Amino acid sequence: MRTLEEILKARLQINWDMINDLWQSKWRCDENGDEEGVKKYLKWIEQIKAIAEELENILEMYNGQKIENK
């Protein structure tokens, strides 16, 4: 059985990795003058960042609780 902390940390890492990838795509759009692409990536970055922040809050609240792996 994994702890909630382990699961949240793994998901949080995935979110931060996604944000880093999106920033790289945003920079490429910026370099190519693709303003619509820049806006699209910034929107996605903000949405995923909000999820990551919520995961961090949940991690703090439930640190150490066990949940069943399904």
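Our subject is the structure listed above.
Just so it is clear, the structure is predicted and the values come from calculations on it, not from any experiment. (Residues numbered from 1 in each chain as written. Predicted model: local features only at pLDDT ≥ 70, side-chain atom pairs only at ≥ 80, totals over all residues. Heavy atoms only, no water.)

1. Quick look at the nonpolar core
Listed in full, the seven residues of the largest apolar core are I19, L22, C29, V38, Y41, I45 and I48. Secondary structure elements with two or more residues in this core: α1 (4–31) and α2 (35–61). Take this core: its biggest share by element is four residues, from α2. Setting aside chain neighbours within four positions, we find L22 in contact with Y41, W44, I45 and I48. Within the second largest apolar cluster, six residues are counted, among which are L4, L8, L12 and L55. (Core = buried A, V, L, I, M, F, W, Y, C linked by side-chain atoms within 4.5 Å. Buried < 20%, exposed > 50% of the residue type's maximum accessible area, 1.4 Å probe, protein only. Helix = DSSP H or I, 4+ residues; strand = E, 2+ residues; numbered from the N terminus. Contact = heavy atoms within 4.5 Å.)

2. Overview of the pattern of salt bridges
This model, assessed by the stated rule, comprises two salt bridges. K39 is the salt-bridge partner of E36, the closest N and O atoms lying 3.7 Å from each other. Placement of both E36 and K39 in helix α2 is noted, with a separation of three residues, approximately one turn of the helix. A residue is classified by how much of its surface remains accessible, and E36, at 55% relative accessible area, is exposed. (Salt bridge = Lys/Arg side-chain N within 4 Å of Asp/Glu carboxyl O.)

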